[in-house]
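The chain contents come next:
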Amino acid sequence: MMGKAVINNKVRGNSHELFDKELLNHKEDLYDLVEIIKVLKEKNILPVITAILTKNDNNDSTEIGKITNGIKKGVESSMESLNAGKELNTFQLMKLMKDPDINRAITFLLAFLKGMGKSL
């Protein structure tokens, strides 16, 4: 990914041809990127992503990393369970609520939904 500084240095260094070739080589990718940015702006997601990526608070990046890792592990676990073909009844569900990991995840999801609902 070329930052503004890299682009400006290439243009200032009279390497317009190299820059133009790079643009032509990635023309379709650039169109796709512009379309993605348009959608993110329309859905008002771009400011959120920008705020997350530009925030220099180490605690936030650590928390995001924990959540990302948790999602990854959750998907892996759910796929294993799905492939095993196990079904869950009401009593098993109530028993699982006593599991600290499941309880913590459900509490997290409910808090997330509550916060999201407040902003809608």
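Predicted model only: the values in this text are computed from it and were never measured.

Thresholds, definitions, all that
- Residues numbered from 1 in each chain as written.
- Predicted model: local features only at pLDDT ≥ 70, side-chain atom pairs only at ≥ 80, totals over all residues.
- Heavy atoms only, no water.
- Helix = DSSP H or I, 4+ residues; strand = E, 2+ residues; numbered from the N terminus.
- Buried < 20%, exposed > 50% of the residue type's maximum accessible area, 1.4 Å probe, protein only.
- Areas by Shrake-Rupley, 256 points an atom, 1.4 Å probe, with all protein chains shown as cover.
- Expected span 1.5 Å × (residues − 1).
- Polar contact = N/O pair within 3.5 Å; in protein donor to acceptor, adjacent residues only side chain to side chain.
- Salt bridge = Lys/Arg side-chain N within 4 Å of Asp/Glu carboxyl O.
- Patch = residues over 30% accessible without salt bridge, like charges linked within 9 Å, V, L, I, M, F, W, Y side chains within 5 Å.
- 1 Å grid on protein atoms, 1.4 Å probe; cavity = no way out; pocket = protein on both sides within 12 Å on 5 of 7 lines; lining within 4 Å.
- Points joined across faces, edges and corners; volume = space filled by probe spheres on them.

Caption draft 1: Region of interest: the overall build of the protein chain. On a plain count of helices and strands, the protein chain comes out with seven helices and zero strands. Ordered by position from N to C terminus, the α and β elements of the protein chain give α-α-α-α-α-α-α. Looking at the 120 residues of the protein chain, the share that counts as buried comes to 1%. Surface exposure of the protein chain reaches about 11,000 Å², of which carbon and sulfur atoms provide 61%.

Caption draft 2: Structural context of helix α7 (residues 100-119). Along its 20 residues, α7 runs 29 Å from first to last C-alpha, staying within 8% of the 28 Å computed at 1.5 Å per residue. The N-capping residue of α7, defined by a side-chain oxygen 2.8 Å from the backbone nitrogen of D101, is D99.

Caption draft 3: Main features of the pattern of salt bridges. Evaluated as defined, the whole model comprises two salt bridges. The salt bridge partner of K38 is E35, with a shortest N-O separation of 3.4 Å. Separated by three residues within a single helix, K38 and E35 lie in helix α3 (residues 27-42), roughly one turn from each other. For E35, a relative accessible area of 44% corresponds to the partly exposed category.

Caption draft 4: Highlighting a nonpolar patch on the surface. On the surface, I67, I71, V75, M79, L82, F108, L109, L110, F112, L113, M116 and L120 cluster together to form a nonpolar patch covering roughly 1,200 Å² of accessible area. Only α5 (58-84) and α7 provide two or more residues apiece to the nonpolar patch. When residues in the nonpolar patch are grouped by element, the largest group, six residues, is from α7. Residue position: F112 is located in helix α7. With a relative accessible area of 47%, F112 lands in the partly exposed category.

Caption draft 5: Spotlight on the layout of surface pockets. There is about 510 Å³ of room inside the largest pocket. Around the largest pocket, the lining is made up of 14 residues, and of these S77, S81, L88, L96 and I102 lie nearest the centre. When residues of the lining of the largest pocket are traced back to their parent elements, those giving at least two are α5, α6 (90-96) and α7. The greatest single-element share of the lining of the largest pocket, amounting to five residues, is contributed by α7.

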